[in-house]
Amino acid sequence: VSGEAHTALFGVYFAIYFGCRIINMLFWKWVLVGRMREIILKPGDPRLLCSMHVQDEREAFESIFKVLHGSSLLNVFLCTLGAEVSLDAIITSTAVTDWDFLRIGKEAVIEGAFLGHIFDNFSMEFKNVEAGPGSKVGIGAHLSVSECSIGKRSYLA
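Residues numbered from 1 in each chain as written. Predicted model: local features only at pLDDT ≥ 70, side-chain atom pairs only at ≥ 80, totals over all residues. Heavy atoms only, no water.

**Student:** For this particular structure, what's the right way to read the overall build of the protein?
**Tutor:** If you tally the helices and strands in the protein, you get four helices and 13 strands. The dimensions of the protein, computed from C-alpha atoms along their principal axes, are 55 × 40 × 25 Å. Contacts spanning at least 24 positions in sequence make up 44% of the contacts within the protein whose residues lie at least 6 apart. Here the protein displays about 8600 Å² of accessible surface, and carbon together with sulfur accounts for 63% of that area. (Helix = DSSP H or I, 4+ residues; strand = E, 2+ residues; numbered from the N terminus. Contact = heavy atoms within 4.5 Å. Areas by Shrake-Rupley, 256 points an atom, 1.4 Å probe, with all protein chains shown as cover.)

Given below as structure tokens:
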């Protein structure tokens with residue numbers, strides 16, 4: 001078998017494998033976890049374990065998502081996971097999680113960590129986090145305070 005055939009077979013394998021991983025992640029998210037609401041989860045809660053599995057799936061092929069960073073395809077993918085993301089927002093961070101709690105406005109730029117949870121007293125608290133239109137979360141910023149909202153055209157360094 002020639003080298004070109006190996007390359008073609010690898011491309012087919014790649015598409016099938018990662019396609020199945022994405023379907024698996026969406027299955028866990030929407031069938032087993034569902035849309036999460038503001039909640040405090042205690043250790044051992046099955047919703048917390050399922051949510052962590054979805055995060056693990058995403059982290060397992062993080063290199064694939066790095067290709068999407070900064071593009072509208074990543075915004076569409078985050079929307080399929082439950083986030084409210086404007087298509088013209090720019091997301092270059094790899095630390096964008098807890099999708100059901102994220103609201104990213106038009107022309108917002110997310111370069112730092114953008115999380116919808118905090119740990120407090122051996123439990124995990126999920127609350128909404130919002131970046132208003134035209135706002136920017138800089139590279140060194142870590143936005144994970146519950147019920148946090150940065151306003152229109154603001155900058156968090």
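**Student:** Teacher, can you tell me more about the environment of Asn24 here?
**Tutor:** Relative to the helices and strands, Asn24 resides in helix H1 (residues 3-33). Asn24 has contacts with His53 and Glu57, leaving out every residue within four places of it along the chain.

**Student:** Even after reading the chapter, I still don't get a nonpolar patch on the surface, so can you show me in this structure?
**Tutor:** Together, Phe10, Tyr13, Phe14 and Tyr17 give the surface a local cluster of nonpolar side chains, amounting to about 430 Å² of exposed area. You can see Phe14 is positioned in helix H1. (Patch = residues over 30% accessible without salt bridge, like charges linked within 9 Å, V, L, I, M, F, W, Y side chains within 5 Å. Salt bridge = Lys/Arg side-chain N within 4 Å of Asp/Glu carboxyl O.)

**Student:** Quick question: what am I supposed to make of H1 here?
**Tutor:** In an α-helix, one turn spans 3.6 residues; hence positions three or four apart end up facing the same way. Over its 31 residues, H1 extends 43 Å from the first C-alpha to the last, a length consistent with the 45 Å expected when each residue adds 1.5 Å. Within the span of H1, buried status applies to Phe18, Arg21, Met25, Lys29 and Val33. One or two positions beyond H1, positive phi appears at Gly34, with a value near 75 degrees. (Expected span 1.5 Å × (residues − 1). Buried < 20%, exposed > 50% of the residue type's maximum accessible area, 1.4 Å probe, protein only.)

**Student:** Can you walk me through the packing of aromatic side chains in this structure?
**Tutor:** Both the distance between ring centres and the angle between the ring planes are used here to describe each pair of aromatic rings. Inspection of every chain in the model, using the stated rule, returns five aromatic pairs. Seen from their ring centres, Tyr17 and Phe18 are 4.9 Å apart, and the 80 degrees between their planes marks the pair as edge-to-face. An aromatic cluster is present here, built from Phe10, Tyr13, Phe14, Tyr17 and Phe18 joined pairwise through their rings. (Phe/Tyr/Trp six-rings, centres within 6.5 Å; stacked < 30°, edge-to-face > 60°.)

**Student:** Please clarify how the sheet that holds strand S12 (residues 148-150) should be interpreted in this entry.
**Tutor:** In a beta sheet, neighbouring strands are held together by backbone hydrogen bonds and run either parallel or antiparallel to one another. The strand order S2-S4-S9-S12 describes an open sheet built from four strands, whose pairing is parallel. Edge positions in the sheet fall to strand S2 (84-85) and S12, since each has one partner strand and no second. (Pairing = 2+ DSSP bridges.)

**Student:** Just checking my understanding: could you explain the nonpolar core for this structure?
**Tutor:** Nonpolar side chains tend to gather and get buried jointly when the protein is soluble and globular. Counting residues in hydrophobic clusters, the biggest one holds 34 residues, and the most contacted among them are Leu78, Ile91, Ile104, Ile110 and Phe114. Where this core is concerned, the elements lending two or more residues are H1, helix H2 (46-60), helix H3 (62-68), helix H4 (72-80), strand S4 (102-104), strand S8 (123-126), strand S9 (129-131) and S12. When residues no more than four places from it in sequence are discounted, the contact partners of Ile110 are Ile90, Ile91, Thr92, Ser93, Val96, Ile104, Ala131 and Val137. (Core = buried A, V, L, I, M, F, W, Y, C linked by side-chain atoms within 4.5 Å.)

**Student:** How should H4 be read in this particular structure?
**Tutor:** All of the buried residues along H4 are Leu74, Asn75, Phe77 and Leu78. Mapping the buried residues of H4 onto a view down its axis gives an arc of 160 degrees, with all of them on the same face. Looking one or two residues beyond H4, the residue adopting positive phi is Gly82, at roughly 115 degrees. (Arc of directions from axis to C-beta.)

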